[in-house]
Amino acid sequence: MSQLNPNSLRDAEQSSFTVLDLIARARGGDAKAIAAIQATARFLGLGLGTIVNIINPDCIYLAGEIATAWDLIEGTVRQALAERALTENAARTPLHVGVTQESFRLRGAAALIAAPSFAAPRVA
Amino acid sequence: MRKINTRDFRVATRTTSRDINRRIALNVIREHQPISRADLARHLSITRGVVSTLVQELIDQGVIYEGATGETARGRKPTFLHIRTRDRLAIAVDVRFSKTYVMLCDFSGRQLALEAHDTIFEVTEFIRDLSLRIRRMMKTHGVKNTCEGIGVVVPGMVDQRTGLILNAPALGWRGVDIRDKLAAATGLPVQIENSGRACSLAQLWLERADASVPDSFVFISVSDGVGVGMVANGELVRGHDHIAGEFRTHAAEPGRPTMHVRRFRLLGSIHIKPRYPLALFWVEFVPTQSK
């Protein structure tokens, strides 16, 4: 739990350097930026592999700034996912990328209010 | 099959079957709108008379409306049924480390107004400031009486039963109540959830109904942190203590149980800040000894 100290991140010095800046650097050929993106992609793929093994989903939706760099990282992500996945089918779990608009979290907040009026009633 | 919990169950009443059928009808309308009563009856495999009763109840509840009259080769012209989303409104709040975003939108997630301001970390001040902004936004857009609630998403773990934010490292909030205080300050119902999970709910409920969202999927957002929402059998997986799917703490490499983050900084060498575990971006991951 020590690593989840609530003050840790807040007190950390914030850089104005954003994920999009990093992706732009990588596209420009910056070796450090490419290494950072590829390392992230590998861990993302390994993480997806773990999740796929646990809940075996129909598909995975990927959102956030990283989706804008999908052409750079797809190979690395899929390879890492395949390494971790227990079966070939699991390794081929479809990845849907493209929820890139900034407001996707806000849509999530809206769903908290809208969804209950459609949800199945609880029975038994 | 689900085991019946003998300490927490719902006994069926005289209206139970109709409640279920009405909710099924609502979802079929949502998926096939605009749809006539006759087509709805065919989809549900029930008689026109029963469908008419269900539809009238849904109209009375204000969740659907009758739209334009359709054309037909013979017989009475059908009226088409639609889900009411455009005039049902909600306030959406996204609390992030850098900014807090406040959006007025309809039940399909369509944005009507959006504001952003610097996040306030002191909780009492946060509530006071946010409730003022929400009230002002509703007044400006003349929706004071039609807004049905406030949805708040935070980068952290939330206990759905109590509404308590268990731990949001990015905000420095632990054991913090936003839901009930914001509800008291605004007079509106408030729902609060982890942002990744809420995103998966949006994927499930706000996507175009014909986009065929599967029953089981994982939603992952990777930006300056990682958000995860897992949906199994059409329902969000929360876990016993509401921390299921906290992706940040999973072990990325076998035998290396804990990962720390190195922040990647421009205009100089890589700056190491071993702070929080496995948030993915502008980062490299450096395995460290588990504590």
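Residues numbered from 1 in each chain as written. Chains lettered and ligands numbered in written order. Predicted model: local features only at pLDDT ≥ 70, side-chain atom pairs only at ≥ 80, totals over all residues.

### Here's the deal with the overall build of chain A
Secondary structure summary: chain A contains 6 helices and 2 strands in total. Each helix and strand of chain A, placed in order from N terminus to C terminus, yields the pattern α-α-α-β-α-α-β-α. When contacts within chain A are restricted to residue pairs at least 6 apart in sequence, those whose partners lie at least 24 apart make up 84%. (Helix = DSSP H or I, 4+ residues; strand = E, 2+ residues; numbered from the N terminus. Contact = placed C-beta atoms within 7 Å.)

### Focus on the sheet that holds strand E7 (residues 157-158) of chain B
Residue and element names in this part refer to chain B. Pairing within the open sheet is antiparallel, and its 3 strands lie in the order E7-E8-E9. Because the sheet does not close on itself, it has two edges, and the strands there are E7 and strand E9 (176-177). Of the pairings in the sheet, the one linking strand E8 (residues 164-167) to E9 comprises 2 bridges and is antiparallel in character. Its bridge partner lying in E9, Leu-164 is registered against Asp-177. (Pairing = 2+ DSSP bridges.)

### Observations regarding the confidence of the model for chain A
Residue and element names in this part refer to chain A. Averaged over all residues, the pLDDT of chain A equals 81, while 83% of them reach at least 70. Ranking the elements of chain A by mean pLDDT puts helix H1 (residues 6-11) last with 42 and helix H5 (residues 88-91) first with 94. Long-range and interchain partners of residues 1-15, a stretch whose pLDDT sits below 50, account for 26 contacts in this model, where long-range means more than four residues apart. (pLDDT = per-residue confidence, 0-100.)

### Examining the pairing of E8 of chain B
Within a regular strand, the side chains alternate between the two sheet faces. Residue and element names in this part refer to chain B. As defined by bridge partners, E7 adjoins E8 across 2 bridges and the pair is classed as antiparallel. Note on E8: the bridge partner recorded for Met-157 is Asn-167. Joining the antiparallel neighbours E7 and E8 is a turn of 5 residues, in which Gly-163 adopts a positive phi near 80 degrees.

### With respect to helix H5 (residues 179-186) of chain B
Residues and elements named next belong to chain B. Among the residues making up H5, those that are buried are Arg-179, Leu-182 and Thr-186. Buried residues of H5, viewed axially, fall in a sector of 75 degrees; they line one side. Buried positions along H5 lie against helix H4 (123-140), strand E6 (147-154), E9 and strand E10 (190-194). (Buried ≥ 20, exposed ≤ 12 C-beta atoms within 10 Å, placed from the backbone. Arc of directions from axis to C-beta.)

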